[in-house]
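# Geometric and topological summary
Spelled out, the chains give:
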Amino acid sequence: MKQRSIHTAVVLVLVTALVSTPAIATAATPTVRSVDSTEQVDPTDLSDPDEFERWLDETMADQLERHHVPGAAVVVVDDGEVLLAKGYGYADLASQRPVVANETVFSIGSTGKLVTWTAVMQGVEDDRLDLDRDVNDYLTDSAVTVPETYPEPITLEHLGTHSAGFEDIFAGMVADDPDGIRPMEEILADHQPARVRPPGEFVAYSNYGTALAGHVLAERYDATFTEYVDERIFTPLGMADTTYAQPLPDELESRRAIGYTSQNGEYQAHDPVIWTLPPEGGSLRTTATDMGRFMLAHLNEGTYGSERVLEAETVREMHRRQFTKSEAVPELNGMAYGFIEMDRNGERIVGHWGDTPRFRSLLALYPERDTGLFVVYNSPVGTPARFELLGAFTDRYYPRSDTPVVEPPDGAADRARALSGDYRSLTISESSWERVLGVMTRTYTVGATDEGYLTTTRLGEGLRTWVERRPGVYEEVGGSDLLVFRFDGNGRAKHVFRHAFGPSTYERVPWYESLAVLQASLGAGVVGFVSVLLLWLGGFVWRRVRDRDPPSDRERAARWLLGVVSLCWLAVLVIFLFAWINFDAEAASPSLALQSGKIIRYVALAGTVGSVVATGFAWHEGYWTRPARLHYSVVTALALLFTWQLYLLRILPL
């Protein structure tokens with residue numbers, strides 16, 4: 001696997017004999033590999049349930065086997081009714097309990113955000129909320145206050161399009177057990193992310209922003225968020241098996257899908273994650289058929305049966321594009337209100353996907369076709385599977401009409417080389433060690449071939465190749481995804497957007513923040529620190545064997561200082577590496593090791609400053625031999641470089 005090979009190479013350089021793969025609880029979009037959909041059929045053939053079921057059965061069987069997913073559930077709605085709702089595989093491997101679409105309860109992650117935004121729009125209809133009003137106006141009786149970092153206030157419009165300008169943080173979103181869940185207001189106040197850019201400039205996905213919108217709604221209705229959506233959404237839509245309750249009620253617990261990870265052909269079951277901010281979707285549990293009801297309401301202009309949850313115009317407004325990322329490339333997917341644009345093959349598609357540590361889901365609406373697709377998997381390897389299913393379904397029933405670009409045009413090689421570099425998502429922490437997660441997993445390295453193709457790599461993705469459709473716009477070779485670059489006033493690429501990942505913006509980083517420089521700097525530092533420790537021990541043995549004179553007190557102090565610095569920096573690296581690997585657990589409750597690492601990093605910093613002073617004394621007073629002084633100086637310089645890189649990762653927040 002590309003992910004394992006890249007990560008293993010880095011870790012082997014950083015920590016000898018340590019090989020690991022981090023658990024990532026964030027929304028990410030992998031390479032889209034279309035499942036073989038056999039021959040393309042006319043869209044009207046979707047009205048043949050038997051034909052569709054045969055195709056879906058074959059597709060899902062292939063996915064579960066190829067991706068090693070224990071179970072999944074799918075519901076497809078069309079023309080105002082459920083076309084098919086079906087479970088595949090197992091909800092519980094130990095008991096061999098199968099997935100049943102109208103019984104098995106899944107965690108759907110951020111797909112549940114669509115419930116939040118539906119509720120917010122109900123508040124707009126009730127004249128309780130205004131999308132263009134400063135959210136602070138609704139928080140006068142709340143402990144939560146959005147700081148006035150910029151002149152422009154944050155509005156519900158910004159929150160619903162993920163353009164509020166918050167940094168990304170995960171702290172406060174999970175807890176160790178249900179008893180540790182505090183009132184939403186307290187969590188939002190205690191774990192408020194910094195505002196790092198003016199609102200309305202860029203899309204940068206924000207869990208906090210959605211949770212804040214849910215809190216605003218609750219404040220206006222003087223109710224808890226969960227009480228509100230139970231009464232105004234779940235009950236009228238008949239979503240009786242949908243809840244935010246943690247732990248699950250006994251009746252639903254017996255039907256809960258177990259979350260699994262797979263390693264070396266073996267499945268490992270995991271306990272449910274405890275989520276603390278209901279509006280962001282993590283704690284929502286539901287069945288496929290309940291989500292079918294939700295889709296039908298949105299496709300039927302806000303009604304389900306005799307119940308109406310939204311006005312028709314409100315539904316159209318939610319599905320309409322609200323944020324355009326590139327005026328020059330209107331076909332590039334942007335953001336509707338709460339919904340993510342997923343247009344493909346010229347088809348209008350809006351929806352959302354959701355990630356938890358053990359579950360992956362996706363909901364896609366085709367408003368112009370009156371069709372909806374929902375799928376959920378009980379394993380994180382469902383990440384590529386859900387997009388494969390979306391692509392295969394769309395390609396089969398709504399195939400593209402244009403011809404894919406194959407060969408780069410004249411001059412493409414020079415233009416491609418000018419775009420090379422690292423581009424990092426704006427959905428990243430700017431103030432805490434959680435930045436490590438974003439830097440390592442949300443950075444695209446863009447390269448160029450001699451023929452003029454672009455290439456991209458990212459941790460967790462294989463090499464992808466792109467061909468120029470027109471200057472600044474590249475189409476995936478063998479796929480339908482797009483890369484769209486935005487240029488500054490000097491004609492230099494500053495940002496890049498992905499068609500398949502609407503709620504994100506990637507910003508070009510300077511060379512010294514590239515992954516190559518980061519890995520080289522940390523790797524060189526580790527080599528230097530280990531050499532100090534080896535010479536520390538070897539020098540003692542050498543003097544004993546050769547009966548050499550012991551060093552002076554100052555020489556001994558200088559060596560001890562750099563030795564302690566080396567030990568401390570190695571300890572900090574290992575501690576934060578393991579914190580990254582166990583990210584979810586550390587976010588819920590920081591371990592003693594992580595707390596210790598936060599102290600050790602400042603000890604190492606103070607020691608590094610001392611080593612710089614000691615280096616000056618070593619050369620001025622002629623400590624040791626010249627090669628020994630040179631080695632001391634080089635390692636001290638590497639320690640400074642190491643410190644700088646840890647600062648860029650915010651492992652060392654100065």
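Predicted, not measured: the structure shown is a model, and the values here were computed from it.

## Regarding the environment of Met-173
Relative to the helices and strands, Met-173 resides in the loop between helix H4 (156-160) and strand E5 (174-175). Separated by 414 residues in sequence, Met-173 and Ala-587 have C-alpha atoms that sit 7.6 Å apart. Residues within four places of Met-173 in sequence aside, it is in contact with Asn-207, Ile-274, Trp-275, Thr-276, Leu-277 and Glu-280.

## Section: the sheet that holds strand E13 (residues 350-355)
Strand pairing in a sheet is mediated by backbone hydrogen bonds. Such pairs are either parallel or antiparallel. Read across the sheet, seven strands follow the order E3-E2-E1-E15-E14-E13-E12 without closing on themselves; strand pairing throughout is antiparallel. The open sheet has two edge strands with one neighbour each: strand E3 (97-98) and strand E12 (340-341). Note: strand E1 (residues 71-78) against strand E15 (residues 371-377), seven bridges, orientation antiparallel. Residue pairing across strands places Val-76 opposite Leu-373, the latter belonging to E15. Contacting E1, strand E2 (81-92) and E15, helix H2 (residues 49-67) crosses the sheet at an angle of about 25° to E2.

## Examining the confidence of the model for the protein
On average, residues of the protein carry a pLDDT of 91, and 91% of them reach 70 or more. Throughout residues 1-38 the model reports pLDDT below 50, and contacts reaching past four residues in sequence, or to other chains, amount to 95 contacts.

## Some remarks on the packing of aromatic side chains
Counting across every chain of the model gives 31 aromatic pairs. Here Trp-353 and Phe-387 contribute two aromatic rings whose centre-to-centre distance is 5.2 Å and whose plane-to-plane angle is 75°, an arrangement assigned as edge-to-face. With Trp-353 in strand E13 and Phe-387 in helix H11 (residues 382-397), this pair connects stretches of sequence that are 34 residues apart. With relative accessibility at 2%, the residue Trp-353 sits in the buried group. Here a set of aromatic residues connected by ring pairs shows up, and it is made of Phe-52, Trp-55, Tyr-366, Phe-393, Tyr-397 and Tyr-398. Above the ring of Trp-619, the side-chain terminus of Arg-629 is found at 4.8 Å from the ring centroid.

## Here we look at unusual backbone geometry
Cis peptide bonds are those with omega within 30 degrees of zero, and the linkage from Gln-246 to Pro-247 qualifies with -5°. One can find Pro-247 in the loop between helix H7 (225-234) and helix H8 (250-253). The phi torsion at Asn-264 lies on the positive side, around 55°, for a residue other than glycine. Note on placement: Asn-264 falls in the loop between strand E6 (259-263) and strand E7 (266-270). Its identity is not glycine, yet Asp-370 carries a phi of approximately 60°, on the positive side. Tracing the backbone through its elements, the reader meets Asp-370 in the loop between strand E14 (360-366) and E15. A relative accessible area of 23% means that Asp-370 is categorised as partly exposed.

Reading guide: rules and limits
Residues numbered from 1 in each chain as written. Predicted model: local features only at pLDDT ≥ 70, side-chain atom pairs only at ≥ 80, totals over all residues. Heavy atoms only, no water. Helix = DSSP H or I, 4+ residues; strand = E, 2+ residues; numbered from the N terminus. Contact = heavy atoms within 4.5 Å. Pairing = 2+ DSSP bridges. Axes fitted to C-alpha atoms, helices over the stretch in contact; angles between N-to-C directions. pLDDT = per-residue confidence, 0-100. Phe/Tyr/Trp six-rings, centres within 6.5 Å; stacked < 30°, edge-to-face > 60°. Buried < 20%, exposed > 50% of the residue type's maximum accessible area, 1.4 Å probe, protein only. Lys NZ or Arg CZ within 6 Å of the ring centre and 35° of its normal.

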